[in-house]
There are 4 protein chains.
Amino acid sequence: MNSRRYFNCTDRDRAAFEAGIKLASLYHQYIGAPVNPDSVDHFEKAMEKGMMAQPYMKKASVAVDRQVLNGSLTSYGYCSLNERMLKAAVTIVYEGIEVRASLGWMEDLQYPLMRIEHIRNIVSGDATE
Amino acid sequence: MNSRRYFNCTDRDRAAFEAGIKLASLYHQYIGAPVNPDSVDHFEKAMEKGMMAQPYMKKASVAVDRQVLNGSLTSYGYCSLNERMLKAAVTIVYEGIEVRASLGWMEDLQYPLMRIEHIRNIVSGDATE
Amino acid sequence: MNSRRYFNCTDRDRAAFEAGIKLASLYHQYIGAPVNPDSVDHFEKAMEKGMMAQPYMKKASVAVDRQVLNGSLTSYGYCSLNERMLKAAVTIVYEGIEVRASLGWMEDLQYPLMRIEHIRNIVSGDATE
Amino acid sequence: MNSRRYFNCTDRDRAAFEAGIKLASLYHQYIGAPVNPDSVDHFEKAMEKGMMAQPYMKKASVAVDRQVLNGSLTSYGYCSLNERMLKAAVTIVYEGIEVRASLGWMEDLQYPLMRIEHIRNIVSGDATE
C-alpha cells in the first residue's frame, strides 16, 4: 500500500479508522437525497456499489427502512433520505485485520450510531478476535 | 396543486423555477460521491430515479462522462464525482408548461452550466414555443 | 452575460430558473451537516455567504429554526441539519428582473417548500409586478 | 458513555474509528459547496465549528488552500469546494486515547488522503505513543 508511509499507527488502528471513514461518507453524502418507494431499491444498490468502490472494502449492505420511509413521505409521494431510515453494514479488511461496522438509528440514544461490531485478525485464513 | 396558493407568479415562472430546483438538487446532492467504472452505470440510474421521484418530472437522464471519469481515477481506482463529469437533462411539466433544462460542463466558461433549452406551452397536445 | 447564448428562453424565465437553483443548492448541500446551539449562528452566516458567492444574487438570509433545533438535539448535544429547521430567502436579479424566493417547512404539506414570493421588473428603478 | 455497550472493540479501536468518521463527514458534507475569496474565511470557521459539535472532538482546524481556490475560480468568480483544496486536522479523545488525524490532497497518490498522524494514551496527563 503506497499510502502506508503517511500513517503513524498500527494496522489495526488504520483498519478501524477506514471503517469509520466508510460509514460517515455514506451518511454525509446521501442524507437529503430524494427517495420514494419506486426508487429506493435502486438507490440502495447504488449506495452499496459506491461504498464498494472505496479502498479495503470487502462487503457492503445498505438498507432504507421501508416503514420509516413510508411514514416520512410528503404530500408529493417522496421524501429526503433521513437519519432514521438509513441503515448500513460494512466489512473492511486492511492488512489482515477485518472490521465489521454498522450504521443505524438507536431509539434510546435518538442518534444514528456508527459502531464497530467486531474487529479481528484474519491473517492466514485464521480468525482471532 | 395544493402548493399553488403559496406562489405569487405565473405558471410559466414556476415551471422554470422547478427546473432550476431539479438540476441544482442533483448537483449538490451527489458531487463528491465515490464512483468507479464498475459502479457508474448503476449510479446514473439511481440519480435518474431520484430525480423522477420529485414533483412535475416527466423525464430525466443523467450521464457521467466516461472519458473524464477515467481521467480522474485516483491510484485507488475510483474518484469523487466532480463538476466536469456530471451531465443531466430534465423535462418538467407544470400546468401545461414544459421546460427542458440541462446541466453540463462548459469549457469556454469553465463552469458547470445549468440552462433552459426550451420552455413551451403544451396544453391540449399543442406545443407553442 | 457570456452564458446567455446557451439559453433558449426569456430573461424572466431565466430569473425564475436561477432562483430555483439557489434554493435547491442550499438544501441539498447542507442537509445532514452537524449543528448545535453553539455553531448555528456561524453556520447560518456561512450558508448566506456561500449563496452570495453565486451569480445574480442580491440578498440571502438563512435561518435555522432554534425551536426545531433544540427539539432535534440528540443525546450528544447536536444533530444533523434537517428539512424542518432550514429556512431561507433569496433575492436574485437577472437582466432587470427581480425574483424573491424562499424555502421553509410547510406543516400542511409536510414538505420543505421552495416558492416564488414575487417576480418583477425593476429596470430603470421602476418596479412593475 | 452510554453508547459504549454497542461496541465490540477496544477503546483505542473506537478512538481511531471516531477519527475516521469526523474526517469523512467533513469531506462528504461540504465538497461541492460554493466558495469564493470573500466567503472562504467564514466557511472554514463554520466547518470547524460543525466538527467541534460532534462527540469526542478536542480540536479541529479546516483550511481551504487559497492557491488552489484561486486557480479553480470559474468565470463567475466562485467555484465548488473540491478535493484538491480542502485540508483539515482533527484531534479527538476517547477514554484517554488521543488521535490526531488529517485530510489533504497528496500529489503522489492523486488522492485526498485521510490519515492518522498519531494515536496515544493520554490518561493521567501522561502521553505514551
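Scroll up to find the structure this text is about.
Residues numbered from 1 in each chain as written. Chains lettered and ligands numbered in written order. Predicted model: local features only at pLDDT ≥ 70, side-chain atom pairs only at ≥ 80, totals over all residues. Heavy atoms only, no water.

What follows covers the sheet that holds strand β6 (residues 111-121) of chain A. All names here are of chain A. Spatially, 4 strands are ordered β2-β4-β5-β6 in an open sheet, and the strand pairing comes out antiparallel. What marks the edges here is a single partner per strand, and that holds for β2 (57-64) and β6. Within the sheet, the average angular offset between the axes of one strand and its neighbour, ignoring direction, is 10 degrees. Pairing analysis gives 7 bridges linking strand β4 (residues 86-94) to strand β5 (residues 97-106), with the strands arranged antiparallel. Residue pairing in the sheet places isoleucine 92 in a bridge with valine 99 of β5. Of the strands in this sheet, β2 and β4 are in contact with helix α2 (residues 40-52), which crosses β2 at around 155 degrees. (Pairing = 2+ DSSP bridges. Helix = DSSP H or I, 4+ residues; strand = E, 2+ residues; numbered from the N terminus. Axes fitted to C-alpha atoms, helices over the stretch in contact; angles between N-to-C directions. Contact = heavy atoms within 4.5 Å.)

The next subject is the sheet that holds strand β5 (residues 97-106) of chain C. Residues and elements named next belong to chain C. Taken in spatial order, the 4 strands line up as β2-β4-β5-β6 in an open sheet, and their pairing is antiparallel. This sheet does not close on itself; its edge strands, each paired only once, are β2 (57-64) and β6 (111-121). In this sheet, adjacent strand axes meet at a mean angle of 10 degrees when their direction is disregarded. Sheet topology note: the β5/β6 ladder contains 10 bridges and is antiparallel. The residue of β6 that forms the bridge with methionine 106 is tyrosine 111.

The next point concerns the environment of valine 35 of chain D. All names here are of chain D. Considering the arrangement of structural elements, one finds valine 35 in strand β1 (residues 34-35). On the basis of relative accessibility, which here comes to 0%, the residue valine 35 falls in the buried class. Remark: the alpha-carbon pair of valine 35 and arginine 5, spanning 30 residues in sequence, is separated by 41 Å. Setting aside chain neighbours within four positions, we find valine 35 in contact with Val40, Phe43, Leu69, Leu73, Tyr78, Cys79, Ser80 and Leu81. (Buried < 20%, exposed > 50% of the residue type's maximum accessible area, 1.4 Å probe, protein only.)

Tallying the contact residues gives 34 residues for chain A and 34 residues for chain D. Interface of chain A and chain D: buried area, both sides summed, is about 2,800 Å²; carbon and sulfur atoms make up 60% of it. Of all residues in chain A, the largest losses of buried area upon contact with chain D belong to Tyr6, Phe17 and His28 of chain A, amounting jointly to 24% of the total for that side. Linking chain A with chain D are 4 salt bridges, by the criterion used here. Counting residues per element, the ones that place at least two in the side of chain A that touches chain D are α1 (11-30), β5 and β6 of chain A. The element contributing the most residues to the side of chain A that touches chain D is α1 of chain A, with 12 residues. Looking at the side of chain A that touches chain D, its residues break down into 18 nonpolar, 9 polar and 7 charged. (Buried area = accessible area lost by both parts, 1.4 Å probe. Salt bridge = Lys/Arg side-chain N within 4 Å of Asp/Glu carboxyl O. Nonpolar A, V, L, I, M, F, W, Y, C, P; charged D, E, K, R; others polar.)

Between chain A and chain D, which share one sequence, the superposing operator has a rotation angle of 180 degrees and an axial displacement of 0.0 Å; the RMSD is 0.0 Å. Within this description, the copies of the chain are treated as partners about a two-fold rotation axis. The residues that chain A uses at the interface reappear at the interface of chain D in 100% of cases, marking a shared surface. (Least-squares fit on C-alpha atoms with pLDDT ≥ 70 in both.)

What follows concerns the packing of aromatic side chains. Evaluated as defined, the whole model comprises 26 aromatic pairs over all chains. Aromatic pair tyrosine 30 of chain C and tyrosine 30 of chain D: ring centres 6.4 Å apart, planes at 50 degrees, arrangement tilted. Placement of tyrosine 30 of chain C in helix α1 (residues 11-30) and of tyrosine 30 of chain D in helix α1 (residues 11-30) is noted, with the two residues assigned to different chains. Side by side, tyrosine 30 of chain C and tyrosine 30 of chain D carry an identical accessibility label, which is buried. (Phe/Tyr/Trp six-rings, centres within 6.5 Å; stacked < 30°, edge-to-face > 60°.)

What follows deals with the interface of chain C and chain D. Contact residues are listed per partner, giving 23 residues for chain C and 23 residues for chain D. For the pairing of chain C and chain D, the buried interface totals around 2,100 Å² over both sides, and the portion due to carbon and sulfur atoms is 61%. The largest per-residue losses of area from chain C upon contact with chain D belong to Gln29, His42 and Tyr76 of chain C, which jointly make up 29% of the total buried on that side. Linking chain C to chain D there are 0 salt bridges.

Time to look at the relation of the copies chain C and chain D. Expressed as a screw operation, the relation of chain C to chain D combines 0.0 Å of axial shift with a rotation of 180 degrees, fitting to an RMSD of 0.0 Å. Take the interface residues of chain C: 100% of them recur as interface residues in chain D, which is what a same-surface contact looks like.

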